[in-house]
Amino acid sequence: MKKVIYDCDNTMGLDNRDIDDGLALVYLVENKDVELLGVCTTYANDSLEYVHKQTLELVEDLGINLNVYKGRGKFEMNDYTGFGYKRFEDDGNFESNEAAKFIVEMANKYPNEIDLLATGSMQNLYDAYMIDNEIGEKLNSVVLMGGIIGDLYFGDKIMKELNFSVCPKGAEVAIKKYKNVSILTGNRCMDVEFGTNELDKVKALGNNIKNEFIINKIEKWMREFKEKYNYDSIVLWDVIAAIYLMNPDMFRDDFMSVVSTEEDLFEGRLVEGESATRVNIPIVLDDNKVNDEMIKVVFEG
């Protein structure tokens with residue numbers, strides 16, 4: 001059984017916001033091979049305040065017995081479709097970050113046993129490193145959702161990167177100061193589309209309170225995404241990262257030497273070159289199997 005800490009920017013339940021963090025959380029909770037030690041909240045899909053509130057509500061709505069730790073960082077999302085957001089100057093008070101302190105505490109309690117999944121900004125990973133410069137060596141592995149290796153197209157529209165770009169210094173630290181890092185980039189997840197066929201599979205399983213709750217959230221986001229991008233399917237980015245954490249055999253390893261600077265990461269770009277920093281950029285082997293894994297664990301679990 002894996003000991004997991006999940007660091008996310010969950011906005012399931014907010015209008016015109018992605019639902020994949022919430023689904024990833026349910027996937028981890030329902031997975032019998034996961035001991036979920038806690039959930040940390042950060043910004044990206046929206047401000048830290050909104051993310052933390054929605055995560056507390058999600059845990060309560062689904063009756064999940066889980067501690068939720070609030071991160072740090074001022075951030076305002078003004079235009080989600082256009083990725084119009086405002087960053088505020090960092091006050092440097094990393095020791096006030098309850099999420100980062102929790103990560104450090106658990107890593108010291110269970111050295112080399114914890115797998116950290118991070119699917120929002122990398123602020124909490126940055127702060128954890130500032131609290132304990134050896135944190136990167138104390139975790140078993142780190143799986144990140146974020147970064148791009150080329151433009152992301154949905155139809156004729158480009159989707160900008162959000163997770164690394166909102167806290168580039170955190171992304172740089174996460175990539176270069178933590179060991180056994182795997183990055184599920186936006187590009188590598190694009191083929192795993194969740195559309196009407198997958199939704200029909202879910203509905204065919206029959207409804208209980210949990211399934212009905214999640215189905216309503218998926219349908220809502222599919223309508224909103226169609227309006228924004230004129231695209232019929234969605235990509236459940238963070239769920240794919242969670243599935244990689246638990247089922248690496250569904251992916252092919254592809255290691256990359258990363259030389260990205262903080263400036264590159266302002267756009268979320270992973271730049272390859274001669275570097276001692278090697279990270280895994282996994283490639284999905286079969287998109288249908290990945291979707292089926294999500295459906296089996298989340299809706300049949």
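For the structure, check the block above.
Each value, and the rule that gives it
Residues numbered from 1 in each chain as written. Predicted model: local features only at pLDDT ≥ 70, side-chain atom pairs only at ≥ 80, totals over all residues. Heavy atoms only, no water. Buried < 20%, exposed > 50% of the residue type's maximum accessible area, 1.4 Å probe, protein only. Helix = DSSP H or I, 4+ residues; strand = E, 2+ residues; numbered from the N terminus. Pairing = 2+ DSSP bridges. Right-handed = clockwise from strand over helix to strand, strands pointing away. Polar contact = N/O pair within 3.5 Å; in protein donor to acceptor, adjacent residues only side chain to side chain. Contact = heavy atoms within 4.5 Å. Salt bridge = Lys/Arg side-chain N within 4 Å of Asp/Glu carboxyl O. Phe/Tyr/Trp six-rings, centres within 6.5 Å; stacked < 30°, edge-to-face > 60°. Lys NZ or Arg CZ within 6 Å of the ring centre and 35° of its normal. Axes fitted to C-alpha atoms, helices over the stretch in contact; angles between N-to-C directions. Parallel < 35°, antiparallel > 145°, perpendicular 65-115°, else oblique. Nonpolar A, V, L, I, M, F, W, Y, C, P; charged D, E, K, R; others polar.

Got a minute to help me understand the pairing of strand β2 (residues 34-41) in this structure?
Side chains on a regular strand alternate between the two faces of the sheet. Summarising burial for β2: seven of the eight residues are buried, a large majority. Inspection of the sheet shows strand β1 (residues 2-8) paired to β2 by seven bridges, in the parallel sense. Of the residues in β2, the one forming a bridge with V4 is L36. Following the backbone out of β1, through helix α1 (residues 20-30) and into the adjacent parallel β2, one traces a crossover that is right-handed.

What am I meant to see in the side chain of T55 here?
Mapped onto the secondary structure, T55 falls in helix α2 (residues 48-61). One polar contact links T55 to N10, side chain to side chain, over a distance of 3.3 Å. The contacts of T55, once residues within four sequence positions are left out, are N10, V39, T41 and V68.

Sorry if this is basic, but what is going on with unusual backbone geometry here?
Both trends apply: most residues other than glycine have a negative phi, and most peptide bonds are in trans. Positive phi outside glycine occurs at N16, with the angle close to 55°. With respect to the element layout, N16 can be found in the loop between β1 and α1. When its relative accessible area of 30% is taken as the criterion, N16 is described as partly exposed.

What is the right way to read the pattern of salt bridges from this model?
By the definition in use, this model includes 23 salt bridges. A salt bridge links R269 to D151, with the shortest nitrogen-to-oxygen separation between them at 2.7 Å. Taken together, the positions of R269 in the loop between α11 (262-265) and β15 (278-280) and D151 in the loop between β7 (141-145) and β8 (152-154) put the pair 118 residues apart, joining distant regions of the chain. The partly exposed category is assigned to R269, whose relative accessible area is 28%. A salt bridge links D232 to K226, with the nearest nitrogen and oxygen atoms 2.8 Å apart. Residue D232 is classed as exposed on the basis of its relative accessible area, which comes to 54%. Through salt bridges that share partners, R72, D90, D91, D127 and K169 make up one connected network.

Any chance you could explain the packing of aromatic side chains here in plain terms?
Within a pair of aromatic rings, the relevant descriptors are the distance that separates the centres and the angle that separates the planes. Applying the stated criterion across every chain yields a total of twelve aromatic pairs. Seen in terms of ring centroids, F154 and W237 are 6.1 Å apart; in terms of plane orientation they differ by 85°. Their pairing is edge-to-face. Residue F154 is found in strand β8, and its partner W237 is found in helix α10 (residues 237-246); the two are separated by 83 residues along the sequence. Per residue, the accessibility class of F154 equals that of W237, and both read buried. These aromatic residues form a ring-pair network of at least three members: Y80, F83, F154, W221, F225, Y229, Y231 and W237. Above the face of the F213 ring, K217 is positioned so that its terminal group lies 3.8 Å from the ring centre.

Whenever I open this one, the packing of α10 against helix α12 (residues 287-300) confuses me. Can you help?
Geometrically, a packed helix pair is captured by the angle between its two axes and the distance between the axes. Contact geometry of α10 with α12 gives a least axis separation of 10 Å together with a crossing angle of 90°. When the interaxial angle is binned, α10 and α12 end up roughly perpendicular. Seen from α10, the contacting residues are V239, I240 and I243; seen from α12, they are V290, E293 and M294. Classifying every residue of the contact of α10 with α12 gives five nonpolar, no polar and one charged.

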